[in-house]
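What the coordinates show
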Amino acid sequence: MARSLPGAPAADLNRPGQHTWMHSIVRWLFIGVSLTFLAAVLLAPLATVFAMALAKGVPAYLHTFADADTTAAIRLTLITALIVVPVNTIFGLAAAWAIAKFEFRGKSVLITLIDLPLAVSPVISGMVFVLLFGMHGWFGVWLQEHDLSIVFALPGIVLATMFVTFPYVARELIPLMQQLGNDEEEAAITLGAGGWMTFFRVTLPKVRWGLVYGMVLCNARAMGEFGAVSVVSGHIRGLTNTMPLQIEILYNEYNFVGAFAVASLLTLLACLTLIVKTLVERTGYRRR
Amino acid sequence: MSFKQPSILPGFGLTFGFTTAFLSAIVLLPLAALVAAGTSMHWSEFLHVVASPRALGSYRLSFGASLLAASINVVFGFIIAWTLVRYEFPGRKIIDALIDMPFALPTAVSGIALTTVFAQNGWIGRYLEPLGVKVAYTWLGVTLALTLISMPFAVRAVQPALLEVQRELEDAAETLGAGRFYVFRRIILPTVLPALLTGFTLAFARAVGEYGSVIFIAGNIPMKTEITPLLIVIHLEEFDYHGAAALGLVMLAISFVVLLAINLLQAWGRRRHVRAAR
């Protein structure tokens with residue numbers, strides 16, 4: 001994700017010729033149009049989530065989470081994120097080390113391939129696993145003979161989520177590690193530190209905020225993924241429904257309080273993600 | 001030149017090997033399965049799926065609404081980025097942080113929330129209804145959902161470019177008698193044009209593949225409000241893997257062209273930048 005930029009308005013009012021009548025009109029027009037646009041497409045929907053979730057009061061809101069299928073969906077989402085985020089973090093660290101610390105042929109191809117999942121429709125991200133592991137897929141017969149199920153079960157959901165959230169940690173770390181350079185690592189190696197020691201004592205502390213942000217973002221996308229998971233899940237209630245899929249089911253059953261109550265949890269997660277992003281930027285870590 | 005330049009740092013073999021192996025297993029092998037499934041069809045069968053009236057209708061909606069959403073985002077993205085970069089006002093930092101909300105918010109949540117706001121009895125929909133404007137369950141709703149989810153891409157593409165506009169040039173132009181519009185057209189626009197185009201392409205690429213937020217607000221009537229990703233899902237639910245793969249290949253090919261366009265645009269932007277710095 002692109003990052004917000006520091007220290008924007010350069011004390012505009014101190015600039016000469018900025019106090020004119022025309023300037024004020026343009027200024028308030030721009031601010032007005034921006035705020036109206038954002039209020040209509042962003043703030044109103046956000047407020048609706050909470051208004052609808054609490055429309056019948058707090059007890060009805062809390063009652064949603066007593067439902068066994070809903071708690072099962074929350075549990076499945078947490079399990080998926082607990083598997084996907086660490087795996088993609090290890091991948092992100094390895095990819096960033098290989099790409100940022102070394103010069104090799106085909107590096108830009110590798111970077112493009114890592115970004116590939118971002119350019120693919122979520123529906124396609126899910127479909128590829130159906131084509132591989134589904135009944136009529138490449139490994140379908142073999143899996144059936146060995147009584148294994150990937151599609152319409154947890155492994156499929158994990159794989160699809162992993163595909164979709166694959167680039168996030170790597171994308172945060174690669175530019176950051178490239179920008180920080182190799183000098184300190186080279187010094188550590190020259191002074192006799194081993195590879196792992198250099199990584200844990202020199203590199204990891206330098207990039208920790210970028211890593212934290214990449215993981216938080218990866219987590220938000222993992223918990224919220226809808227399209228890819230919808231294709232591989234099979235929508236079995238209480239078994240293969242994640243939180244976003246449970247939202248769809250409750251919504252289509254006109255259980256709006258329930259749907260928006262589950263949605264409110266994911267909205268809070270999104271808010272938390274943005275707060276972490278803002279805090280991380282305040283620590284001085286910035287991508288350029 | 002050998003494959004890798006020498007370095008005293010260790011771990012290249014391990015990290016490069018793990019990266020390429022994992023990438024191949026999770027991303028490349030599955031995508032290869034899609035290409036294989038799509039290309040194993042007889043071409044007449046492929047054409048039958050890909051050029052069916054229902055598929056053509058879905059392309060029209062998916063690409064039309066995405067183009068419209070990306071265009072809306074270029075205009076409002078520029079206005080919002082300009083507001084955030086040039087003006088100080090209460091709440092600016094909060095607005096700046098909120099721009100990324102559509103990115104962090106699950107698409108299903110955006111979908112049901114937008115539908116509720118713009119439904120006939122919704123907070124905004126009830127004021128549009130007397131005007132005869134129906135948003136939810138029409139192509140307008142699809143465009144709105146795509147506008148929301150691709151908005152951060154446009155704003156975040158333009159913001160850094162606007163920061164780089166040299167205020168001295170604007171001042172110099174104004175002292176020499178240039179009007180505001182002339183300054184905008186000859187100084188600001190040329191600087192941010194590559195960023196605007198990049199923002200447009202990124203927003204378009206994101207919008208074309210979008211599924212979660214659209215299916216709630218679209219109404220999903222074949223030929224009218226059915227997007228291509230939904231048509232793929234319908235094929236999959238009927239266990240028509242070949243049909244789904246064929247449509248998927250069409251979308252992949254388009255994503256690939258768009259990605260290529262982004263890279264070319266960025267290269268063009270860099271060249272312009274270098275020339276301007278000389």
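1. Points about the overall build of chain A
Within chain A one finds 13 helices and 0 strands. Ordered by position in the sequence, the α and β elements of chain A form the string α-α-α-α-α-α-α-α-α-α-α-α-α. Its C-alpha atoms give chain A principal-axis dimensions of about 70 × 60 × 30 Å. For chain A, the proportion of its 288 residues judged to be buried stands at 44%.

2. Remarks on the overall build of chain B
Helix and strand content of chain B: 13 helices and 0 strands. Along its sequence from the N terminus, chain B presents helices and strands in the succession α-α-α-α-α-α-α-α-α-α-α-α-α. Taking the principal axes of the C-alpha coordinates as reference, chain B spans close to 70 × 70 × 35 Å. Counting across all 278 residues of chain B, residues that qualify as buried make up 44%. Partitioning the contacts of chain B with sequence separation of at least 6, the portion at a separation of at least 24 is 79%.

3. Points about the nonpolar core
Core analysis: the largest hydrophobic core is formed by 158 residues, its most contacted members being Ala96, Met127, Leu131 and Ile247 of chain A together with Leu34 and Val158 of chain B. Top contributing element to this core by residue count: helix 3 (residues 68-101) of chain A, with 14 residues. In terms of domain composition, this core takes at least three residues from each of domain 1 (18-53) and domain 2 (57-282) of chain A. If we skip the residues at most four places from it in the chain, Ile247 of chain A touches Ala259, Val262 and Ala263 of chain A together with Ala108, Val109 and Ile112 of chain B.

4. Describing the environment of Arg126 of chain B
All names here are of chain B. Among the structural elements, Arg126 can be located in helix 7 (residues 125-128). When the C-alpha positions of Arg126 and Leu47 are compared, they lie 44 Å apart, and in sequence the two are 79 residues distant. If we ignore the near neighbours within four places in the chain, the residues touching Arg126 are Gln120 and Asn121.

5. What to know about the environment of Lys277 of chain A
Here Lys277 of chain A is to be found in helix 13 (residues 256-282). Residues Lys277 of chain A and Trp209 of chain A lie 68 residues apart in sequence; the distance between their C-alpha atoms is 9.4 Å. Discounting residues that sit within four places of it in the chain, Lys277 of chain A has contacts with Tyr213 of chain A together with Asp100 of chain B.

6. Some thoughts on the domain arrangement of chain A
The extent of an interface is frequently quoted as the accessible surface area lost upon association of the parts. All names here are of chain A. Segmenting chain A into domains produces domain 1 (18-53) and domain 2 (57-282). The centre of domain 1, based on its C-alpha atoms, is set 33 Å off from the matching centre of domain 2. Classifying every residue of the side of domain 1 that touches domain 2 gives 5 nonpolar, no polar and no charged.

7. Let's talk about the packing of helix 3 of chain A against helix 1 (residues 12-39) of chain B
Axes are the key here: two packed helices are described by the angle between their axes and the distance separating the axes. Here helix 3 of chain A crosses helix 1 of chain B at 125 degrees, and the two axes come no closer than 8 Å. Between helix 3 of chain A and helix 1 of chain B, the interaxial angle falls into the category oblique. Crossing handedness for the pair helix 3 of chain A and helix 1 of chain B: left-handed. Along its contact with helix 3 of chain A, which presents Phe91, Ala94, Ala95, Trp97 and Ala98 of chain A, the element helix 1 of chain B presents Phe12, Thr15, Phe16, Phe18, Thr19 and Phe22 of chain B.

8. Things to note about the environment of Val250 of chain B
All names here are of chain B. Its place among the elements puts Val250 in helix 13 (residues 241-277). Residue Val250 is classed as partly exposed on the basis of its C-beta count, with 19 C-beta atoms lying within 10 Å. Each C-alpha atom of the pair Val250 and Tyr59 lies 9.9 Å from the other, and the pair is 191 residues apart in sequence.

9. What about helix 8 (residues 168-180) of chain A?
Residue and element names in this part refer to chain A. Given a rise of 1.5 Å per residue, 13 residues ought to cover 18 Å, and the 19 Å separating the end C-alpha atoms of helix 8 matches this to within 8%. At its buried positions, helix 8 is contacted by helix 3, helix 4 (107-119), helix 7 (154-165) and helix 10 (195-224). Looking one or two residues beyond helix 8, the residue adopting positive phi is Gly181, at roughly 80 degrees.

10. Here we look at helix 6 (residues 107-118) of chain B
All names here are of chain B. The end-to-end C-alpha distance of helix 6 is 16 Å, a good match for the 16 Å that 12 residues give at a rise of 1.5 Å each. Judged by how many residues are buried, helix 6 sits mostly within the fold: 12 of 12 residues are covered. Regarding helix 6, the residues found buried are Thr107, Ala108, Val109, Ser110, Gly111, Ile112, Ala113, Leu114, Thr115, Thr116, Val117 and Phe118.

11. Remarks on the interface of chain B and chain A
Contact residues are listed per partner, giving 79 residues for chain B and 79 residues for chain A. Looking at the side of chain B that touches chain A, the element that brings in the most residues is helix 1 of chain B, giving 14 residues.

12. Structural notes on the packing of helix 3 of chain A against helix 12 (residues 243-252) of chain A
Residue and element names in this part refer to chain A. Between helix 3 and helix 12, whose axes approach to 8 Å, the crossing angle comes to 150 degrees. One way to sum up the angle between helix 3 and helix 12 is to call them roughly antiparallel. Contacts from Asp69, Thr70, Ala73, Ile74 and Thr77 in helix 3 reach Met243, Leu245 and Gln246 in helix 12. Grouping the constituent residues of the contact of helix 3 with helix 12 by class yields 4 nonpolar, 3 polar and 1 charged.

13. Let's talk about the confidence of the model for chain B
All names here are of chain B. In the predicted model, chain B carries a mean pLDDT of 89, and 97% of its residues have values of at least 70. At the level of individual helices and strands, chain B shows its lowest average pLDDT in helix 13, which scores 80, and its highest in helix 6, which scores 95. Reported confidences for the modelled complex are a pTM of 0.89 and an ipTM of 0.87.

14. Quick notes on unusual backbone geometry
One non-glycine residue with positive phi stands out, namely Asp147 of chain A, at about 60 degrees. Positionally, Asp147 of chain A belongs in the loop between helix 6 (140-145) and helix 7. Positive phi outside glycine occurs at Tyr137 of chain B, with the angle close to 65 degrees. Along the chain, Tyr137 of chain B falls in the loop between helix 7 and helix 8 (139-164).

15. Some words on the confidence of the model for chain A
Caution is warranted with low-pLDDT regions, since their predicted coordinates should not be read in detail. Residues of chain A with pLDDT of at least 70 account for 92%, and the chain-wide mean is 89. Overall, residues 1-8 of chain A carries pLDDT values under 50, and its contacts beyond four positions in sequence, including any with other chains, amount to 17 contacts.

What counts as what
All residue numbers refer to positions counted from 1 along the written sequence of the respective chain. The order in which chains are written sets their letters, starting at A; the order in which ligands are written sets their numbers, starting at 1. Local features are withheld for residues below a pLDDT of 70 in this predicted model, meaning they are given only at 70 or higher, and side-chain atom pairs are given and counted only at 80 or more; totals for whole chains, interfaces and linings count all residues. Numbering of helices and strands starts at the N terminus; helices are DSSP runs of H or I of at least 4 residues and strands are runs of E of at least 2. The exposure scheme places C-beta atoms from the backbone and then counts, for each residue, the other C-beta atoms within 10 Å of its own, assigning buried at 20 or more, exposed at 12 or fewer, and partly exposed in between. Any pair of residues counts as being in contact when their C-beta atoms, constructed from backbone geometry, are within 7 Å of one another. To define a nonpolar core, we join buried Ala, Val, Leu, Ile, Met, Phe, Trp, Tyr and Cys residues through C-beta atoms within 7 Å and take the resulting set. Here the bounds of each domain stem from an automatic or database domain assignment. Asp, Glu, Lys and Arg are counted as charged, while Ala, Val, Leu, Ile, Met, Phe, Trp, Tyr, Cys and Pro are counted as nonpolar; the rest, among them Gly, fall into the polar class. Lines fitted to C-alpha atoms define the axes, with helix axes restricted to the stretch in contact, and inter-axis angles between N-to-C directions lie between 0 and 180 degrees. Roughly parallel means an angle under 35 degrees; roughly antiparallel means over 145; roughly perpendicular covers 65 to 115; every other angle is labelled oblique. By convention the crossing between two helices is left-handed if the near helix lies anticlockwise of the far one by an angle smaller than a right angle, and right-handed if it lies clockwise. Working rule for helices: expected span equals 1.5 Å times residues minus one. A residue's pLDDT is the confidence the predictor assigns to it, expressed on a 0 to 100 scale.

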